[in-house]
Amino acid sequence: MVITVEKTVSTDHFAILPSNQPTSDEIRDNILKNPGFGTHFTDHMAHVRWTNDAGWHGHEVRPYGPLTLDPAASVLHYGQEIFEGIKAYRHADGSIWTFRPEKNAERFRRSARRLALPELSDEDFIGSLKALLAQDNAWVPTPKDASDECSLYLRPFMIASEAFLGVRPAHEVDYYVIASPAAAYFKGGIDPVSIWLSSHYKRAAPGGTGFAKCGGNYAASLAAQKEASANNCSQVAFLDAAENKWIEELGGMNLFFVYKDGRLVTPRLTDTILEGVTRNSVLTLAKDEGLTPEERAISIDEWRDGAASGEITEVFACGTAAVITPVGELVSEDERIRLTAGGDNEVAKRLRTKLLNLQYGRSEDQYGWLTQLV
Ligand SMILES: *Cc1c(COP(=O)(O)O)cnc(C)c1O
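Parameters and conventions
- Residues numbered from 1 in each chain as written.
- Predicted model: local features only at pLDDT ≥ 70, side-chain atom pairs only at ≥ 80, totals over all residues.
- Heavy atoms only, no water.
- UniProt positions renumbered as here; feature names shortened; annotations may be inferred.
- Domains from an automatic or database assignment.
- Contact = heavy atoms within 4.5 Å.
- Buried area = accessible area lost by both parts, 1.4 Å probe.
- Salt bridge = Lys/Arg side-chain N within 4 Å of Asp/Glu carboxyl O.
- Helix = DSSP H or I, 4+ residues; strand = E, 2+ residues; numbered from the N terminus.
- Near = heavy atom within 4 Å.
- Polar contact = N/O pair within 3.5 Å; in protein donor to acceptor, adjacent residues only side chain to side chain.
- Areas by Shrake-Rupley, 256 points an atom, 1.4 Å probe, with all protein chains shown as cover.
- Buried < 20%, exposed > 50% of the residue type's maximum accessible area, 1.4 Å probe, protein only.
- Arc of directions from axis to C-beta.
- Core = buried A, V, L, I, M, F, W, Y, C linked by side-chain atoms within 4.5 Å.
- Phe/Tyr/Trp six-rings, centres within 6.5 Å; stacked < 30°, edge-to-face > 60°.
- Lys NZ or Arg CZ within 6 Å of the ring centre and 35° of its normal.

An unreviewed UniProt entry lists the protein under the name Branched-chain-amino-acid aminotransferase, with Vreelandella salicampi as the source organism. Database annotation for the protein, UniProt heading Cofactor (unreviewed entry): "pyridoxal 5'-phosphate". Per UniProt, the protein carries the Function (unreviewed entry) text "Acts on leucine, isoleucine and valine."

Q: I would appreciate a short explanation of the domain arrangement of the protein in the present structure.
A: A common way to state how big an interface is: give the accessible area lost once the parts meet. Here the protein is partitioned into domain 1 (15-187 + 363-372) and domain 2 (193-344). Taking only C-alpha atoms into account, the centre of domain 1 sits 27 Å from that of domain 2. Taken together, the contacts link 24 residues of domain 1 with 26 residues of domain 2. For the pairing of domain 1 and domain 2, the buried interface totals around 2,100 Å² over both sides, and the portion due to carbon and sulfur atoms is 62%.

Q: Help me out: how do you make sense of the pattern of salt bridges in this one?
A: One pass over the structure, following the stated rule, counts 25 salt bridges. Between Glu 106 and Arg 110 there is a salt bridge, with the nearest N and O atoms lying 3.4 Å from each other. One end of the pair is Glu 106 and the other is Arg 110, both in helix α3 (residues 101-114) and four residues apart, which spans about a single turn. With a shortest N-O distance of 2.9 Å, Asp 261 and Arg 263 are connected by a salt bridge. By sharing partners, the salt bridges in this structure join Glu 289, Glu 346, Arg 350 and Lys 354 into a single network.

Q: Sorry if this is basic, but what is going on with the UniProt feature "modified residue: N6-(pyridoxal phosphate)lysine" (unreviewed entry) in the protein here?
A: Per the UniProt entry, the sites bearing "modified residue: N6-(pyridoxal phosphate)lysine" (unreviewed entry) are Lys 213 in this numbering. Summarising the element assignment, Lys 213 is placed in the loop between β9 (193-197) and α5 (215-230).

Q: What am I meant to see in the site of the ligand here?
A: Around the ligand, the surrounding shell holds 15 residues, and the nearest of these are Lys 213, Tyr 218, Glu 249, Thr 278 and Thr 320. Within the backbone of Val 277, one N or O atom sits 2.8 Å away from an oxygen atom of the ligand. Thr 278 is positioned with one of its side-chain polar atoms (N or O) 2.6 Å from an oxygen atom of the ligand. The fraction of the free accessible surface of the ligand (380 Å²) that becomes covered by protein chains is 96%.

Q: How should helix α1 (residues 25-33) be read in this particular structure?
A: The periodicity of an α-helix, 3.6 residues per turn, causes residues three or four positions apart to be oriented the same way. Along α1, the residues classified as buried are Arg 28, Ile 31 and Leu 32. The buried residues of α1 occupy an angular sector of 100° when the element is viewed end-on, so they sit on one face. Away from its buried face, by an angle of more than 90 degrees, α1 presents the exposed residues Glu 26 and Lys 33. On the buried face of α1, the contacting elements are β8 (172-182).

Q: What's the story with the nonpolar core in this structure? I'm lost.
A: Ranked by size, the top nonpolar core spans 38 residues in total, and within it Leu 154, Met 158 and Tyr 175 carry the most contacts. Breaking this core down by element, the ones donating at least two residues are α1, β2 (44-51), β3 (55-63), β5 (86-90), α3, α4 (122-136), β7 (151-160) and β8. Of the residues forming this core, the biggest block, six residues, is contributed by α4. Residues contacting Met 158, with those up to four places away along its chain left out, are Trp 56, Gln 80, Glu 81, Ile 82, Phe 108, Leu 117, Pro 118, Leu 120, Val 173, Asp 174 and Tyr 175.

Q: How should the packing of aromatic side chains be read in this particular structure?
A: Note on aromatic pairs: each is described by the distance of the centres and the angle between the planes. Under the criterion given, the structure shown has eleven aromatic pairs. Arranged with centres 5.5 Å apart and planes meeting at 25°, the rings of Phe 157 and Tyr 176 form a pair that is stacked. Pair noted here: Phe 157 is in strand β7 and Tyr 176 is in strand β8, with a separation of 19 residues, a long-range link. Of the two residues, Phe 157 and Tyr 176, neither departs from the other in class, the shared state being buried. Look at Phe 256 and Phe 316: their rings are 5.2 Å apart centre to centre, the planes differ by 20°, and that puts the pair in the stacked class. Highlighted residues: Phe 256 in strand β12 (residues 254-259) and Phe 316 in strand β15 (residues 312-319), separated in sequence by 60 residues. Taken as a pair, Phe 256 and Phe 316 share a single burial class, namely buried. For the cation-ring pair, Arg 263 lies above Tyr 259, with the distance from its terminal atom to the ring centre recorded as 4.5 Å.

Here's what the structure looks like:
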């Protein structure tokens, strides 16, 4: 006899401390009409504390508000911090779902190990999302139609909160989840974006933290981001640090190249590339679309030559926040790489629609990628 034990993620181990000043329905509805990205936050946050002696404890959902941190908290000095980004989608029947949260939970543990932070279980990670959403589900916007990409963006993060200026992994750590209603990430929707190729700055080095989702990687990318803005570009593409030759990714999105013959190429994973959940999903969906995915090293010369010859017909970036965004051109101090072929970004649009239909419950979840939150 086979006994199957169903894995359940319970939320009941989170104590609930409801806000006594929740946002009024009227104000919330107004925010949800035009949420922007990352500027409004819901009424509650999830929190779990970790200490060296007691492990993870004190699971709670409490009112959203400022943290009280000792000025000596080590995160403020040595940047011991990691985060995640994941969305909650409202389906047509009102239910609320999230996309492949076990992948984010696994990556969060990978990031934790690299930053010498404690690892959080799937049960606590997914449980914290469920517990927060049980309180704040009214903050998940309802899409007006299939082109409306509104969602509730969830931001789990972990910080070293011990008050200690010595340099070692902290003995006190806090994990939180905050939530922010979101419209489409790029205002232009799927208009192709211009990307800046930084000739000087590097995002990640072998043996470093590139594969981990940590604040430090983002801090180090901001000077390049500033260059990008000054050159009317919205994101930065980074080359590898060792040879200054191989394409890695953008500051917060993975890159794909579509070839005339149906190949879909993305840089293979190394410790200098962050493995996106969207990247992983695109590789799977591409096969269903008759494309041939290839994970391998791709050089800036291949991009330049393929763009000129028409061999490469599309370039796109992908990530949870902006889904799939066509890249129109790559700009650097001494050149502009534009595609001579294509221009309609048909593959990017097709994959994007496929992914969104899945996430919003408009197509069958054939891979079991959705988890119901509410
Ligand atoms: C978060 C992130 C991505 C995209 O990952 P998704 O899981 O698809 O959202 C890509 N690159 C970097 C550096 C990131 O931080």
